[in-house]
Amino acid sequence: MISKSSRNQLNNSIRRTFSVLLQNCSDLVICLDTDLCIIECNNTAIKAHHWKRHEILKKNYMELCLRDGFNNPIFIDPNKIFLGKKITNHACTFIHKDKTEHTVIWNITRLLNDKKEPYGLLMVGHDITDIKEAWAQVYHLDSIIKNAPGLIYYWKDRNSVHLGCNNSFAQLAGLKSCEEVVGKTDFDLPWKSQADSYRKDDQQVIESGKPKSNIEDLLIAADGTTRIVVANKVPLRDIEGNIVGTLSTAADITQLKEAEQATLEAKNKAEIANQAKANFLATMSHELRTPLNAIMGMAQILLCQNPTQEQQECIDIIQNASLNLLSLINDILDFTRLEAGKLEISADRFDFYELTHAVISSFQHQLDHKPIKLLLDYSSDTPHYIALDSRRVRQVLINLINNAIKFTLKGEINVSVTCLEQTKKDAIIRITITDTGIGIPNDKLEQIFERFTQVESQYSRRFEGAGLGLSISKQLTEAMGGSIGVSSTLGEGSSFWVEFPIKMSTSIVKQDTPAPSDSDKLNSSAIKNPQILLIEDNLLNQMVAKSLLQQLNCRIDIASDGKQALQLFADKDYDLIFSDIGLPDMDGLTVIREMRKHEQEKATTPIIALTAHVLKEDRENCFNAGTDAVITKPIMPEELKMTLKQWLGKKSIKKANLTLD
Ligand code: ADP
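Residues numbered from 1 in each chain as written. Predicted model: local features only at pLDDT ≥ 70, side-chain atom pairs only at ≥ 80, totals over all residues. Heavy atoms only, no water.

Asks: Is there a simple way to think about a nonpolar patch on the surface in this case?
Replies: The grouping of L10, I14 and F18 at the surface amounts to a nonpolar patch, some 300 Å² of accessible area in total. Structurally, the position occupied by F18 is in helix α1 (residues 4–24). Accessibility expressed as a relative area gives 55% for F18, which makes it exposed. (Patch = residues over 30% accessible without salt bridge, like charges linked within 9 Å, V, L, I, M, F, W, Y side chains within 5 Å. Areas by Shrake-Rupley, 256 points an atom, 1.4 Å probe, with all protein chains shown as cover. Salt bridge = Lys/Arg side-chain N within 4 Å of Asp/Glu carboxyl O. Helix = DSSP H or I, 4+ residues; strand = E, 2+ residues; numbered from the N terminus. Buried < 20%, exposed > 50% of the residue type's maximum accessible area, 1.4 Å probe, protein only.)

Asks: Can you walk me through the site of the ligand in this structure?
Replies: The environment of the ligand is made up of 20 residues, and the closest members are N403, K406, D435, Q454 and L470. Take D435: an N or O atom from its side chain is 2.9 Å from a nitrogen atom of the ligand. For the ligand, whose unbound accessible area comes to 530 Å², protein coverage reaches 96%. Looking at the shell around the ligand, the elements that each hand over two or more residues are α12 (390–406), α13 (469–479) and β17 (493–503). The biggest single contributor to the shell around the ligand is α12, with three residues. (Near = heavy atom within 4 Å. Polar contact = N/O pair within 3.5 Å; in protein donor to acceptor, adjacent residues only side chain to side chain.)

Asks: What exactly am I supposed to notice about the packing of aromatic side chains here?
Replies: With the rule as written, the count across this model stands at eight aromatic pairs. Between the aromatic rings of W51 and Y61, the centroid separation amounts to 6.1 Å while the plane-to-plane angle is 85°, which identifies the pairing as edge-to-face. Of the two residues, W51 is situated in the loop between α2 (43–49) and α3 (53–56) and Y61 in helix α4 (residues 61–68); the sequence distance between them amounts to 10 residues. Between the aromatic rings of F350 and F352, the centroid separation amounts to 6.2 Å while the plane-to-plane angle is 85°, which identifies the pairing as edge-to-face. Residue classification places F350 among the buried positions, given a relative accessible area of 8%. (Phe/Tyr/Trp six-rings, centres within 6.5 Å; stacked < 30°, edge-to-face > 60°.)

Asks: I would appreciate a short explanation of the state of the cysteines in the present structure.
Replies: Defined simply, a disulfide is a covalent bond joining two cysteines at their sulfur atoms. With the rule as written, the count across this model stands at zero disulfides. With no disulfide partner, C25 has as its closest neighbouring cysteine sulfur the one in C41, 11 Å distant. Taking relative accessible area as the criterion, C25 reaches 27% and is therefore assigned partly exposed. (Disulfide = S-S within 2.5 Å.)

Asks: Which parts of the structure should I look at to understand the pattern of salt bridges?
Replies: Oppositely charged side chains can pair when the atoms bearing their charge come close. Per the stated rule, a full pass over the model turns up 19 salt bridges. Note that E260 and K257 form a salt bridge whose closest N and O atoms lie 3.9 Å from each other. Of the two residues, E260 and K257 are both situated in helix α9 (residues 254–303); the distance of three residues between them amounts to about one turn of the helix. A residue is classified by how much of its surface remains accessible, and E260, at 49% relative accessible area, is partly exposed. On the basis of relative accessibility, which here comes to 26%, the residue K257 falls in the partly exposed class.

Structural data, given as structure tokens:
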């Protein structure tokens, strides 16, 4: 049996233990007497109230709360509590002077003595500040997800049962609130016809543990509209990392797709319109070239009929005006091709040295009556043979020299050709055209390479031009990998330069080669009085071609349509054939193909196409049909002569001893 003193000892020790526990427990514990004065209070309660122990013991709790501005948890008549009423889970928030906050859930009950009489109140408060903050964060996050604009969020368990969603998803599904989705599957929602495929995607994500991105789908919304959505699904994991379902986001891209479709349609329409414009310009170019051919041809014929001085001047005017018109037609056509992105650039290996000399000499006659000298300086280390698009290089060169002549009233135009940065493999060819002309103001130097830009205003123009040449030259040069630029001093002159990158392996440097002259080339001919078949339906063009060819000592038979042409070809042996492409009964290409078919056992006759169609595909069609060369209308006497020189005698060795006078 335990002694009285031992029991007392034990009781004291239990009391002490309880007291320690009470002081240090995380809940707030306060004991009040019947006057509501504080008898005892643990450290947690003192800390939460920001009190000091010696200041509050024996003080009335209600008055302390009033003093410190705290919500008092004893919100009812305390006598009711003394009579047995309990206050349970009553939340109160302390807001301290330093703005810190504590939210406490209070439970208040009376204390009874041995005689069951109340002698005070026991207040136990649980501080839920941290929990409250955590909930606030959860609520905040929930609100962000629910109200996220545009994006649709939804999460499901491993069986594709919806666990939650945001407002946009609920709206799309025709649900009154986000909570309504819980427990539903896609089979219960308006897009049930796609539910199977969604479930498969969910399972794939769950099984692989990997996200599935950019799944584009059609979705039938509750309002009956079909939406296009792009979804991303990721595995949804619990705190231990186990996959418990899927979390998805989807963006409604219906409007985007519609806009994309509208843009595509607009682009297609624009392309069709652009193509129609290009076709129109190609047709116009063809239609303008045909009469121009007659005008230029007739002028050429008149020139050969010993005109008087006065007539000669008139013919010069006709020829110059025709050439200007031709260059304008060419520029407009090029411009449209460039606009449509159909720039035709090829690379052929050609004699650049010869090309520059030929271009320079073609300008000399224009300068006969002008006090201007046109000089060429071709540096000895510049290769002669280079691989570039010779037609386009010539076009750029002609354009720059043309401008220099146009804008120079007297003095000199120097064309210099040099080779820069020469290594074993690569080099840059630089052509500089320097004139002593009117010059260009500094602020216009950049602009003149823009289309339709001219220095002089529309109403004070002294010089002709459409403002297209430099813009075309720039685009052509850049398409060949080169660059173009200018420096100029107003009133003193301009210096335009073009640089083309070239490969040295395809280049040959010739030194001390004299410039080729026209007479050199003419004397290398091989046939005298060649027999030519001219296939041309247009009477004026017949006259022009016939006259030009007769001046070159050719004997000519004319066929006005395809049938006649094939008949003549079958009956007679020709040294060369010129064929128009547009014929009344069958197209010229068919005629050429027929001729090639029938001449297999005979020697091949050179066939030159004469056409006002100038596009690359037109030329290719001619070559595919079997022509050896193509001359575009209007026929330039020089070009005709050179073509004859090149192709006469190519038919057979037997005839090669003939010469052209
Ligand atoms: P245009 O057909 O008008 O010559 P370009 O595109 O070839 O069109 O040239 C644009 C403008 O640049 C010309 O109108 C002219 O004002 C200026 N320009 C071009 N070359 C020269 C030059 N050598 N000297 C002075 N001005 C020039």
